[in-house]
Amino acid sequence: MRKAGASHIASFCDGYPRLAHYIGHNFIANKKVLENLEDVMKGIVLSSITDENKKKNILAILRYLSVFKKFGCSEYNSDEKQCILELIRYELPNLTEIEFFDIINYLKSQKILQQEYTLYISPKILHIWFFGEFWKNEARKNHLLENIENMPEQLQMWFAEMFTYAHNAEISVDIPKELLSRFDLADLKSKKKSDFFVNLTKANQKEALNVLLKIFDNLPDEEIKNITDTRMNLVWALQYILFDKDLFNRGIKLLYRFAVNETEHVYSNNATGIFRE
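Computed from a prediction, not measured in an experiment: that's the story for all the values here.

Reading guide: rules and limits
- Residues numbered from 1 in each chain as written.
- Predicted model: local features only at pLDDT ≥ 70, side-chain atom pairs only at ≥ 80, totals over all residues.
- Heavy atoms only, no water.
- Pairing = 2+ DSSP bridges.
- Helix = DSSP H or I, 4+ residues; strand = E, 2+ residues; numbered from the N terminus.
- Salt bridge = Lys/Arg side-chain N within 4 Å of Asp/Glu carboxyl O.
- Buried < 20%, exposed > 50% of the residue type's maximum accessible area, 1.4 Å probe, protein only.

**Q** Sorry, what's going on with the sheet that holds strand 1 (residues 71-72) here?
**A** Here we have 3 strands laid out as an open sheet, ordered 1-3-2, and antiparallel in their pairing. Strands at the two margins of the open sheet, each flanked by one partner only, are strand 1 and strand 2 (113-114). The pairing of strand 2 with strand 3 (residues 118-121) spans 2 bridges and is antiparallel. Each residue of the ladder has a partner; that of Leu 113, found in strand 3, is Ile 121.

**Q** How do you make sense of unusual backbone geometry when you look at a structure like this?
**A** Negative phi values dominate among residues other than glycine, just as trans dominates among peptide bonds. Of note, the amide linkage connecting Ser 122 to Pro 123 takes the cis form, showing an omega dihedral of 0°. If you trace the backbone, Pro 123 turns up in the loop between strand 3 and helix 7 (124-134). Phi at Lys 111 takes a positive value of approximately 65°, unusual for a residue other than glycine. Assignment of secondary structure puts Lys 111 in the loop between helix 6 (97-109) and strand 2. For Gln 115, which is not glycine, the phi torsion reads 75° and is therefore positive. Within the fold, Gln 115 resides in the loop between strand 2 and strand 3.

**Q** Help me understand the pattern of salt bridges in this model?
**A** A side chain with one charge can pair with a side chain of the opposite charge if their charged atoms come near. Under the criterion given, the structure shown has 15 salt bridges. Across the pair Lys 81 and Glu 97 runs a salt bridge, and its minimum N-O distance is 3.7 Å. One end of the pair, Lys 81, is in helix 5 (residues 78-88); the other, Glu 97, is in helix 6, with 16 residues separating them in the sequence. For Glu 97, a relative accessible area of 33% puts it in the partly exposed group. Salt bridges here are not isolated pairs; linked through shared partners, they connect Glu 138, Lys 141, Glu 178 and Arg 182.

Honestly, it's all geometry; don't read function into it.
And the structure:
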């Protein structure tokens, strides 16, 4: 394995050198980082648990936690904690708050959940593996997508940021495609929702471009000029799109429209600066 590839895998296995060694051999054999890892991942999480019901609950809770890059789970962010608990209850309807926190504390004691108030799953490859597992169930997926608007603002952003790893988790491009198809001009003028759009673009550049063209193709230049607060998010989304050579010709035309209708000339990474590159 090349040094760069080994370093990439090692970065996903922070604190678990034996896991990195196993995954390296697995990658050489299968050419996929997450192939045949179910027993290994469950072993990391459940090594000291004998109760079968608790095992089931732990795995379900981790699947839901994994859709967020981070999440609040304390009295300081009770809205995030309550939102996550209600999502989990779709799959575990009888889960009590006490049982939920018992499992959170167990995962913290095992260093699988890190930090004190705003938590994240470690190692990263465990997080990404559970993220991929979550989306394999259609009913679970649909329930989550129906409840995105009910998530606290910060939790929505941490949800969107996980799609950076969609390719690593081998998630179907249809999931970010479905989310992207919901955007309209009003959404792209919203700072929060345009941040979400940029993260989803990383997971499905083709659909992101389709949405942008559908919205902007018939929009007068004056309206493009008046988009100020979220302009850089839209330019960054186009920059990600242009990395795909198959989308370049369509994407560069829209970037050009943003460049000729530029109102901000301070930054080199505005539409004009990127277009010149």
